[in-house]
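# Coordinate inspection notes
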Amino acid sequence: MKLGIVGLPNVGKSTLFNSLTKAGAESANYPFCTIDPNVGVVPVPDKRLDVLGKMYNSKKVTPATIEFVDIAGLVKGASKGEGLGNQFLANIREVDAIVHVVRCFEDSNVVHVDGNVDPVRDIETINYELLFSDLEILDRRYQKTHRQAKMDKVLAKEVALIERLKELLEDGKMAAVFEPQDEDEEKWFAGYNLLTAKPVIYAANVAEDDLADDGEGNPYVAKVRELAAQTDSGVFVVCAKIEEEIAELSDEEKGEFLEDLGIKESGLDKLIAASYALLGLISYLTCGEDESRAWTIQKGTKAPQAAGKIHTDFERGFICAEVVKFDDLVASGGMAGAKEKGLLGLQGKDYVVCDGDVILFRFNV
C-alpha cells in the first residue's frame, strides 16, 4: 500500500511523516522545507505475526508494509507553478490513497500560510490545486485525441468521456464521484490516474490536550469530520508533536507513554486502521519455520488470487487452500492440533479469504 501525504505548509505534515517513518525528513517552522518527495516504508504492526513467529520459531517474521510519500507543502497556485508543490504533484499520482494533513490547533509560534486556522478553507485550497492538476491532464489527453476522433469511433467515445469529466471538475466536484458507464470508460478513467479520484484520509492534527477525547471538543476537528462525511472520506485525530516523541520510544515505553496520555492507539495505528477500512483491505497470514508473514489483499479476494500475491505460480497451479482461523490455530497449538479438532478446512477456488486466515496453499505447475 502506498500513501501520499499532502497539506499546506506548516500544518505538521513533515513532522507527522518523520514520526511515522523515522526517515528524518527535514522539518522546520517555515514553508517549503520539504523540497524532495521523501519516501519511507513502514511495517504494519500485527500482534498475530509475533504469536505465529514464536509458535513456529520462524527464522524471519515479515509484516505487511505501507509506503509513505511526503509531498512538499502545496499553496494556492501550486498547479500553475506557485511554491514548490507543482513539481511534486506527479509523485502522488501513483499512490493508493491521499493522507491530507489538516491543521486543527492554534499556536501563535507556528506561522499559518494564510494567516489563521481554518481547516475547511485549507482543504478547499488543496482540493482546488488537485482539481486544476487533473484538468491539465485531461486537457492534454483531449488535445491528443479529439482531432483523430472524427475518424475513429473509439476515440470519439473517449473524447465524450473526457468532456463529461472536465465539466464535472470545472464545476468544482472531485473525480471520485464520477461513475463510468461501461468497461471502456472504466479503463480510460483508471488510466488517467486522477488525483481527485483517489480515496482521502484526513489527518486532523491537534494539540496534545485534544488527544484524550479524540478531538471531540475541538471545533476544527468537527468541521473536518463533517466535510469528510459528505465525501465518504476517512478521518483520524493525531498530534504530530506527540507522534514525534513516540517515535523515539521502545515498544514497552510507547505503551506506558500512551497510557499516561489516556489514549489507546498511536497515530500510526489509527492511520493504518483508517487506510485498511477506506481501501477495503485485509491481511491473511502464512507461517512456518522459515518465515511467518502477513499478506495484504482486497476484501472479497478469492483463494487463487490471494495465492498469487505470494507467487504467480501459486495462482496458476492452484489446487486448494488449507485454511484455519488464527484464534483456532493458537487455541489448538498448531496446524496438527487444528486438524485433529476439525478446525482446518480444505478450500477450493471459490473460497473468499477472510482477515486473519492462516493459509497453506497447495499448487502444482
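See the structure printed just above.
Residues numbered from 1 in each chain as written. Predicted model: local features only at pLDDT ≥ 70, side-chain atom pairs only at ≥ 80, totals over all residues. Heavy atoms only, no water.

## Focus: helix H1 (residues 13–21)
Counted residue by residue, H1 has nine buried out of nine residues, so it is predominantly covered. Every buried residue of H1 is accounted for by Lys-13, Ser-14, Thr-15, Leu-16, Phe-17, Asn-18, Ser-19, Leu-20 and Thr-21. Following H1 by one or two positions, Lys-22 adopts a phi angle in the positive range, close to 55 degrees. (Buried < 20%, exposed > 50% of the residue type's maximum accessible area, 1.4 Å probe, protein only. Helix = DSSP H or I, 4+ residues; strand = E, 2+ residues; numbered from the N terminus.)

## Focus on the packing of aromatic side chains
One pass over the structure, following the stated rule, counts six aromatic pairs. With centroids separated by 6.5 Å and ring planes inclined at 20 degrees, the aromatic side chains of Tyr-284 and Trp-295 adopt a geometry described as stacked. Residue Tyr-284 is located in strand E8 (residues 281–286), and its partner Trp-295 is located in strand E9 (residues 291–298); the two are separated by eleven residues in the primary sequence. An identical accessibility class is assigned to Tyr-284 and Trp-295; each is buried. (Phe/Tyr/Trp six-rings, centres within 6.5 Å; stacked < 30°, edge-to-face > 60°.)

## Observations concerning the sheet that holds strand E4 (residues 65–70)
Here six strands make up an open sheet; going across it, the order is E2-E4-E1-E5-E6-E7 and the pairing mixed. At either end of the open sheet lies a strand with only one pairing partner, and these are strand E2 (38–43) and strand E7 (234–238). Between one strand and the next, the sheet's axes are offset by a mean angle of 25 degrees, whatever the strand orientation. Relative to E4, strand E1 (residues 2–6) is paired through four bridges, and the arrangement is parallel. Its bridge partner being in E4, Ile-5 is matched across the sheet by Asp-70. Across the sheet, helix H10 (residues 267–279) touches E1, E2, E4, strand E5 (97–103), strand E6 (200–205) and E7, and the angle it forms with E7 is around 180 degrees. (Pairing = 2+ DSSP bridges. Axes fitted to C-alpha atoms, helices over the stretch in contact; angles between N-to-C directions. Contact = heavy atoms within 4.5 Å.)

## Focus on the packing of helix H5 (residues 153–170) against helix H6 (residues 183–192)
In the contact formed by H5 and H6, the axes pass within 11 Å of each other and the chain directions differ by 60 degrees. With respect to their mutual orientation, H5 and H6 come out oblique. Note on packing geometry: the crossing formed by H5 with H6 is right-handed. Between H5 and H6, the contacting residues are Val-154, Lys-157, Glu-158, Leu-161, Ile-162, Arg-164 and Leu-165 on the first element and Asp-184, Glu-185, Trp-188, Phe-189 and Tyr-192 on the second. (Parallel < 35°, antiparallel > 145°, perpendicular 65-115°, else oblique. Left-handed = near helix turned anticlockwise from the far one by under 90°.)

## What to know about the environment of Glu-158
Mapping Glu-158 onto the fold places it in helix H5. The buried category is assigned to Glu-158, whose relative accessible area is 2%. Each C-alpha atom, one on Glu-158 and one on Phe-189, is 9.4 Å from the other, the two residues being 31 residues apart in sequence. With sequence-adjacent residues up to four places away left out, Glu-158 is seen in contact with Arg-141, Thr-145, Trp-188 and Tyr-192.

## Observations concerning unusual backbone geometry
Of note, the phi angle at Asn-57 is positive, near 50 degrees, even though the residue is not glycine. Tracing the chain through its elements places Asn-57 in the loop between helix H2 (47–55) and strand E3 (60–62). In this structure, Asn-193 takes a positive phi of about 55 degrees despite not being glycine. Here Asn-193 shows up in the loop between H6 and E6.

## Notes on the pattern of salt bridges
Under the counting rule described, the total for this entry stands at 24 salt bridges. Salt-bridge contacts for Asp-70 lead to Lys-13; the nearest nitrogen and oxygen are separated by 3.1 Å. With Asp-70 in strand E4 and Lys-13 in helix H1, this pair connects stretches of sequence that are 57 residues apart. Exposure remark for Lys-13: the relative accessible area of 5% places this residue in the buried category. Between Lys-157 and Asp-184 there is a salt bridge, with the nearest N and O atoms lying 3.1 Å from each other. Within this pair, whereas Lys-157 is found in helix H5, its partner Asp-184 is found in helix H6, the two being separated by 27 residues in sequence. The exposure class assigned to Lys-157 is partly exposed, which follows from its relative accessible area of 28%. Residues joined in a network through salt bridges with shared partners are Asp-214, Glu-216, Arg-225 and Lys-270. (Salt bridge = Lys/Arg side-chain N within 4 Å of Asp/Glu carboxyl O.)

## Quick notes on the nonpolar core
Within the largest apolar cluster, 69 residues are counted, with the highest numbers of intra-cluster contacts made by Phe-68, Ile-92, Cys-104, Tyr-202 and Leu-271. The element contributing the most residues to this core is H10, with six residues. If near-sequence neighbours (up to four positions away) are discounted, Ile-92 is found in contact with Gly-4, Val-6, Ile-71, Ile-98, Leu-130, Leu-195 and Lys-198. By size, the runner-up hydrophobic cluster in this structure holds 20 residues, among which are Tyr-142, Ala-149, Met-174 and Phe-189. (Core = buried A, V, L, I, M, F, W, Y, C linked by side-chain atoms within 4.5 Å.)

## So, the packing of helix H4 (residues 119–145) against H5
At their nearest, the axes of H4 and H5 sit 10 Å apart, and the two run at 155 degrees to each other. On the basis of the axis angle, H4 is roughly antiparallel to H5. In this structure, the crossing between H4 and H5 has a hand that is left-handed. Residues Leu-131, Asp-134, Leu-135, Leu-138, Asp-139, Arg-141, Tyr-142 and Thr-145 of H4 pack against Leu-155, Glu-158, Val-159, Ile-162, Glu-163, Leu-165, Lys-166, Leu-169 and Glu-170 of H5. Residue composition of the contact of H4 with H5, by class: nine nonpolar, one polar and seven charged. (Nonpolar A, V, L, I, M, F, W, Y, C, P; charged D, E, K, R; others polar.)

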